[in-house]
Structure formats: C-alpha cells, structure tokens
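Remarks on the overall topology
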Amino acid sequence: MQVLYRNISQLVTCRGGVRRGGAMADAAVIEDGAFLVEEGRIVRVGTRRELEQGYRGEAYDCGGALITPGFADSHTHLVFAGERSEEFSWRLRGDSYLSIMERGGGIVNTVDATRAASGEELFSQAQKHLAKMLEMGVTCAEIKTGYGLDTQTELKQISVIQRLQENEKMQIVGTFMGAHALPRGADADEYIDECIRESLPAAAGTGVCEFADIFVEKGAFSAEQAERYLRKAKELGFALKVHADEMTPSGGTRLGVRLGAKSVDHLLKICDEDIALLGKSDTVATVLPLTAFCLGEEYAPARKLIDGGAIVAAASDFNPGSCCTYSIPLMIALMCIYMKMSVDEALCALTINGAAACGRDKVSGSIECGKRADFVLFDCKKRECLPYYSGINLVRSVFTEGEKVYG
Ligand code: NIG
Ligand code: FE
C-alpha cells in the first residue's frame, strides 16, 4: 500500500548523501513538500504539486507541519545501572571530571552497579531511555558497552543491546567499548592485553556490535595502547570509533584518522593540525554538545571543523557521569547559539551525518527514494523554530518504516 504524506510546510530532506564542510549549509529543504511511502520505504519525494498530480491513493495530511528525517544519536552509553548525581554536585562545587576519576570515582562506580544488576534490570532501564529519546525524534541510536570491564559483564551488556535490537522500532547500533576505563587496580597495558586476548574476540563472536571504541585520555588509555586495541578490533571485523581529545589533547584524533576510523568523538581539545586532518578524511568528526554543557567546558570547535571541510555529526553521549541527558531540543539550541552552527548544519549533523557515524547512511538519515521512511513531524512550520523554542520538545509524532511509533 502507498501513502502520500502531504501538506508539509517545510520538508527537510537532507538528501544527496553525507555532507562535508560547506555542503552542510544546505539541508535540501522543499517548501510545501510531499513524499510517498510504500512498504516502509520512501519511493518519491518532491513538491506537493508534483506528487499530487494524478495520485488517487491514500494520503496523510501533515497539517502544514515541519518534517525532518529521524535523528541518529550516534554516541550513547545508555545500558548501565545506578546514577552518579553526587559526582555531579561535586563538579558544581568546582571538582573536575578527571580529578574525580583520579580519586577512584567516576566510571568504575557505574561498573560496580552494572556488574551487580541483572540483564533484565539493564534492559528495562535502557528501554525507558529509548522511549524518551524516540519522543524527541531519535529513530537510530548507537549504544556502547563499557560498564563491565570484564568479559562476563561486557557480554551481559551486549546481550541487552541484542534484545533492544530485536524489540525496538528504532535502529539500534552496537559498539563494544571494553576499553572505556581502567578497572580498579588494573595496569593499563595488561588490561589492553586482556581485551585483545579475551573480551574483543568474545564480543566479535556475538555478532551484535559493528563498532569497537576506546577512551584515549589521561588516566584512561594512551594512543599507543589504543592502537594495539584498535588494530586487533579491525582484524576481528569491527569498524572503529575513538573517544578523542575530550579533556586533554591525547592523540586520539590522528590515531583514528590513521586507522580509518568511522568516527572520532568529543574533540573539545582538538588542535588545528588535527582539524585539518579531518577536513581531508572520511572519518566523521562527532561533536557532543551536551557533554561540554554538562561539564561546563568549552564546546568542540564545530565552526572550525565545518569550515575546514570535515564531516561533522552531533550526538548526545548520554551516560551517568559526564552527560546525563539526551535532550535533542537542548542539543540543537547549543549547536546554534554557542557553536555557531546554522540550523541546516545542525540538522545535517543530527540526520545524514549522524547516520554515517552509525554506518547507516545508505539506509536512513535522509528523506530520499529507497531509504527507510523514518521521519519526524513537528508542531511548528519552519526549522528556525527548533533552536528558537530552546530546549522545548516540538515533536508531534515520529514514524519508523512508515509506521507511527509516537504521537
Ligand atoms: O564519553 N569519556 C568517556 N566516557 C563517557 C563518560 C562515561 C562516564 O563518566 O560514565 C564520555 O564522556
Ligand atoms: Fe562517550
């Protein structure tokens, strides 16, 4: 059956493939647009006039709304137990994320809670987060492991991700992040050896995670350790991601580019030389505005990255430590107000480029023939309203594969 979606004041398509640099300024918007969906896929896109001509089938009146592709949140740590609001209040009093980690706090506290939790508890918590993300228009979410730091618990997180893949309407992309932090009392070199010997091959054996990721940072892992881990991951068939240059410039970006990583993420402390590298590479530069906001740090230099020709994506980094939010409306406002991105750039970063960071840009991320009919209908008429109503969720309904799943 075919359905024509019509009466759309602005149809933000983001069609034409992954956007780099200056091309991000144009989100390919059709005024008074329409599109045709058949069997969950988009089969035609154009103006209402073009698509209505001779059409006799079923139609869905969008009421003059703004429509965008579904958002791809390409960086989350959403399978975990417990919470760390106490650390947050310490940071409000002047502590830093790294000093809390040095004192033995941080990620390892969530590791304790996650080891103690059952798979069922982790699954139901994760489902609650995903339901709220869907309400804000997220139709594709990447999820990392990394709160196990031992093979058994990492595999428990992987099986939760697998259940989410089987049960959720949105696309769920798995990432193994055994090297998220140093387990209590461990030696970093020995722990990387253990990942190479045990957890990376075990994770690869499940076939659930397409990506492997590592935290390259002072107090976590060095670029040399990361190279050993990532080379093994690549050999096992994982595509690569790197937590790079977040708190200190640690060489994560140049390592990621050199190894052909799909994305390097964070980039708060990236240097000009590495920005130039990303401008010439197919590695996606993923900025995480909500993390910088929650940590009270300076934002990643999105303007410089775009002007330098990089493929820039934006994601939430939702996790219980540095960023306990996945608010898309807040993220859009931060990108436009503080990172000096235009609305079109922000939308490209959250749709087609986010899909690219998830390895999904051929199947989703734009409203274009052949793609999944994953889209968001808003309670406003134009895209400028998204940052203008700062932090307010304007989503009216969300569709995945042509089916209304929210609203
Ligand atoms: O991306 N940087 C490392 N990982 C997370 C923080 C995880 C946590 O604190 O629990 C991040 O910011
Ligand atoms: Fe992260």
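Residues numbered from 1 in each chain as written. Chains lettered and ligands numbered in written order. Predicted model: local features only at pLDDT ≥ 70, side-chain atom pairs only at ≥ 80, totals over all residues. Heavy atoms only, no water.

As for the side chain of aspartate 374
As a reminder, the rule being used: Only DSSP runs of H or I reaching four residues or more are called helices, and only runs of E reaching two or more are called strands; each is numbered from the N terminus. Each residue gets one of three labels from its accessible area relative to the maximum for its type: buried under 20%, exposed over 50%, partly exposed in between, using a 1.4 Å probe on protein chains only. Counting of polar contacts relies on pairs of N or O atoms within 3.5 Å, with two restrictions inside protein: one atom must be capable of donating a hydrogen and the other of accepting it, and residues adjacent in sequence are counted only when both atoms are side-chain atoms. Two residues qualify as a contact provided that any one of their heavy atoms is within 4.5 Å of a heavy atom in the partner residue.
For aspartate 374, the location among the structural elements is in the loop between helix H15 (352-357) and strand E13 (375-378). Here aspartate 374 falls in the buried class, since its relative accessible area comes to 4%. In terms of polar contacts, aspartate 374 uses its side chain to reach the side chain of arginine 372, at 2.8 Å. Leave out the neighbours within four places in its chain, and aspartate 374 touches Pro69, Gly70, Thr139, Gln171, Ser364, Phe399, Thr400 and Glu401.

Points about the coordination of the iron ion (ligand 2)
Test applied: The donor definition counts N, O and S atoms within 2.8 Å of each metal and applies 3.2 Å to Na, K and Ca; water is not among these atoms, so some sites may look incomplete.
Distances from the iron ion (ligand 2) to its protein donors, His75 (NE2), His77 (NE2), His243 (NE2) and Asp317 (OD), fall within 2.1 to 2.2 Å. Between consecutive donor residues of the iron ion (ligand 2), the sequence gaps follow H-x1-H-x165-H-x73-D. Here histidine 77, found in the loop between strand E5 (71-73) and helix H2 (85-92), pairs with aspartate 317, found in the loop between strand E12 (312-314) and helix H13 (328-337); they are 240 residues apart in sequence, far enough to count as distant. In this pair, the class of histidine 77 matches that of aspartate 317, namely buried.

As for the domain arrangement of the protein chain
The line we're drawing: What marks off one domain from the next here is an automatic or database domain assignment. What counts as buried area is the accessible surface, traced by a 1.4 Å probe, that two parts surrender upon association, with contributions from both included. When a carboxyl oxygen of Asp or Glu lies within 4 Å of a side-chain nitrogen of Lys or Arg, that pair is called a salt bridge.
When its domains are assigned, the protein chain resolves into domain 1 (2-69 + 366-406) and domain 2 (71-357). Using only C-alpha atoms to locate each centre, domain 1 and domain 2 end up separated by 29 Å. Opposite the 36 residues of domain 1 that make contact, domain 2 presents 34 residues. For the pair domain 1 and domain 2, the two sides together bury roughly 2,700 Å², of which 66% comes from carbon and sulfur. Connecting domain 1 to domain 2 are three salt bridges. Among the ionic pairs, aspartate 282 bridges to arginine 20, the shortest N-O distance being 3.0 Å. Linking domain 1 with domain 2 are eleven residue pairs in polar contact (both at pLDDT 80 or more). Contributions of two or more residues to the side of domain 1 that touches domain 2 are made by strand E4 (58-69), E13, helix H16 (385-388), strand E14 (395-400) and strand E15 (403-406). The greatest single-element share of the side of domain 1 that touches domain 2, amounting to four residues, is contributed by E14.

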